[in-house]
Amino acid sequence: MNRNEQTYLSAALGLTILGLGGCLSIYSARALGENPFHYSFRQLVWLIFGIILFLVLSRIPFGIYKSCARYLGGAAVAALLLVLFLGTPINGMHGWFSLGGVLLQPSEFAKAPFLLLISGFAAKTQWPERKRALYLAGSGMVFCGLVLLEPDFGSATVFFLGLAVVLCTAGYFRTFFLLFGALAVPTAVLFVLKHEYAMKRIAGYWNPDSHLYGAGWHIKQFQYTLAHGGVFGSEWGGALWSNAYLPLSHSDSAFASIVESGGVAGGLLMIAGYLFVGWIFRRMALRTEDAEARIFIFSTGVLFTAQALLHIGVNTALLPPTGLTLPIFSYGGSSLFATMIAFGMACSAAGSRPLFCEKDEKTI
C-alpha cells in the first residue's frame, strides 16, 4: 500500500468516525420523539454512500477535475438557475429539487465546482492580472447572486467567503476589499430591506425578549438549550430542551443540541476539532506542488471550517439566525454528500503534480 492510499484510507476512517458522531448527535436530538431512529438511520445510510463516494473521487486524478472545471461549474450554475423555476418551495425558499420524495439542494453540491473553477482562474499566472480578477469576481457574483435569489442569505455568505479566500490567497486583496465594500455590503442591506423575514430575524436577534413569541423565539431557545447543557452536559439521549423546544435540533440547530448533551466541554471540543481539520487542509496545501491544487485544497478547508463557525455563531446567539448546517454533524444528505465530494476532490488534489515545471511561490 503506497503513501497516497494510506492517506485516503486514513481520511475515510476519520470521516467515518465523524459521521458516526453526527448520527449519534442526531439521535440524541430526537431521542424523546415517537420515532427516535428515523433521522439517525437515514443519516447512517447517507454516510455509507458518502464514504464510498469520497473513496471513488479521491482516486480520480486531479488533472481530470481541472480539465472539467468549466463544465462542472457550468452544470452547477444551470442547477442553481433551474431550481429557481422548478424547485420545491420550502418555507418560502426555492432551494431544493424533490426527486421521488428525496430533497436535493443544488447550492450544497455547487460549492466544490465553484471552488474548483475559481481556483483555476486564480492559478492562471499567464493571464493578465486584470483578466484573472474579472473572471474571479464575475464567477463569484454569478454564484452568490443565484443563491440570493432563492433566497438563501446564509449559503450566499458561504460562497462569498470561498471567493474571498481564493482572492486573498492569490494576492488580490484590493479586489476583495472593493467587492466587499462596493458590492457585498450594499447587497446585504438591500436583501434585508427587501425580505421581511430577514428584517424580523435581525429585530429578534437584537432584542429577543421583545419578540419572544415571534422572531426572538429561536434565539431564546438557543440560550435555554445551551444553559441546560451546563459544563458537562446532560445524559446522551436525554436532551430535554432539544427534543421539546429547540427548532430543527437535528439540522440547523445541531451545535446547540450537541452542547446540551455534551456541555460547554463538548462544544469547545467540537470547535477545536473543526479548527484542527482546517489546519490539516492547510498542511496538505503547503505540501502540494501544483498551484491550482494548492489553492483548491486550502479554500476547501477554510470554507468547511468557516461554515462550521458560522453555524456555531448562530447557535450561540452571536449571529442572527440563518439556515446553515453544521458540516457532517447536521442531518441532511445534500450537505453530507457535498462535503464528501469536496473532501474527495481535495484528497485527489493533494497527490497531484504540476503539468509543467513552473516555479511558483507558495503564498498560503
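Residues numbered from 1 in each chain as written. Predicted model: local features only at pLDDT ≥ 70, side-chain atom pairs only at ≥ 80, totals over all residues. Heavy atoms only, no water.

### Here we look at the overall build of the protein
Link 1 in the chain: Helix and strand counts for the protein come out as 15 helices and 3 strands.
Link 2 in the chain: The C-alpha radius of gyration of the protein comes to 20 Å, within 12% of the 21 Å expected for a compact globule of 364 residues.
Link 3 in the chain: Principal axes of the C-alpha set define a box for the protein whose edges measure 60 × 50 × 40 Å.
Link 4 in the chain: Every one of the 364 residues in the protein was classed for burial, and the buried ones make up 49%.
Link 5 in the chain: Look at the contacts in the protein between residues 6 or more apart in sequence, and 71% of them connect residues 24 or more apart.
Link 6 in the chain: As displayed, the protein has an accessible area near 17,500 Å², and 68% of this comes from carbon and sulfur atoms. (Helix = DSSP H or I, 4+ residues; strand = E, 2+ residues; numbered from the N terminus. Rg over C-alpha atoms; globule rule 2.2 N^0.38 Å. Buried < 20%, exposed > 50% of the residue type's maximum accessible area, 1.4 Å probe, protein only. Contact = heavy atoms within 4.5 Å. Areas by Shrake-Rupley, 256 points an atom, 1.4 Å probe, with all protein chains shown as cover.)

### Focus on the confidence of the model for the protein
Link 1 in the chain: Chain-level pLDDT for the protein is 89 on average; 94% of the residues reach the 70-or-more range.
Link 2 in the chain: This model gives residues 355-363 a pLDDT under 50, and the stretch forms 9 contacts once residues within four places in sequence are excluded. (pLDDT = per-residue confidence, 0-100.)

### A short note on a nonpolar patch on the surface
Link 1 in the chain: On the surface, a cluster of nonpolar side chains totalling about 800 Å² of accessible area is made up of Leu 20, Phe 37, Phe 41, Leu 44, Ile 48, Phe 49, Ile 52 and Val 56.
Link 2 in the chain: No other element matches helix H2 (residues 38-58), which puts 6 residues into the nonpolar patch.
Link 3 in the chain: With respect to the secondary-structure elements, Phe 49 resides in helix H2. (Patch = residues over 30% accessible without salt bridge, like charges linked within 9 Å, V, L, I, M, F, W, Y side chains within 5 Å. Salt bridge = Lys/Arg side-chain N within 4 Å of Asp/Glu carboxyl O.)

### A closer look at the packing of H2 against helix H15 (residues 333-350)
Link 1 in the chain: Where H2 meets H15, the closest approach of the two axes is 8 Å, and the angle between their N-to-C directions is 20°. When the axis of H2 is compared with that of H15, the two are roughly parallel. As for how H2 packs across H15, the hand of that crossing is right-handed. Residue-level inspection shows Gln 43, Trp 46, Leu 47, Phe 49, Gly 50, Ile 51, Leu 53, Phe 54, Leu 57 and Ser 58 of H2 in contact with H15, the latter providing Gly 333, Leu 336, Phe 337, Met 340, Ile 341, Phe 343, Gly 344, Cys 347 and Ser 348.
Link 2 in the chain: In the contact of H2 with H15, the residues fall into 13 nonpolar, 6 polar and no charged. (Axes fitted to C-alpha atoms, helices over the stretch in contact; angles between N-to-C directions. Parallel < 35°, antiparallel > 145°, perpendicular 65-115°, else oblique. Left-handed = near helix turned anticlockwise from the far one by under 90°. Nonpolar A, V, L, I, M, F, W, Y, C, P; charged D, E, K, R; others polar.)

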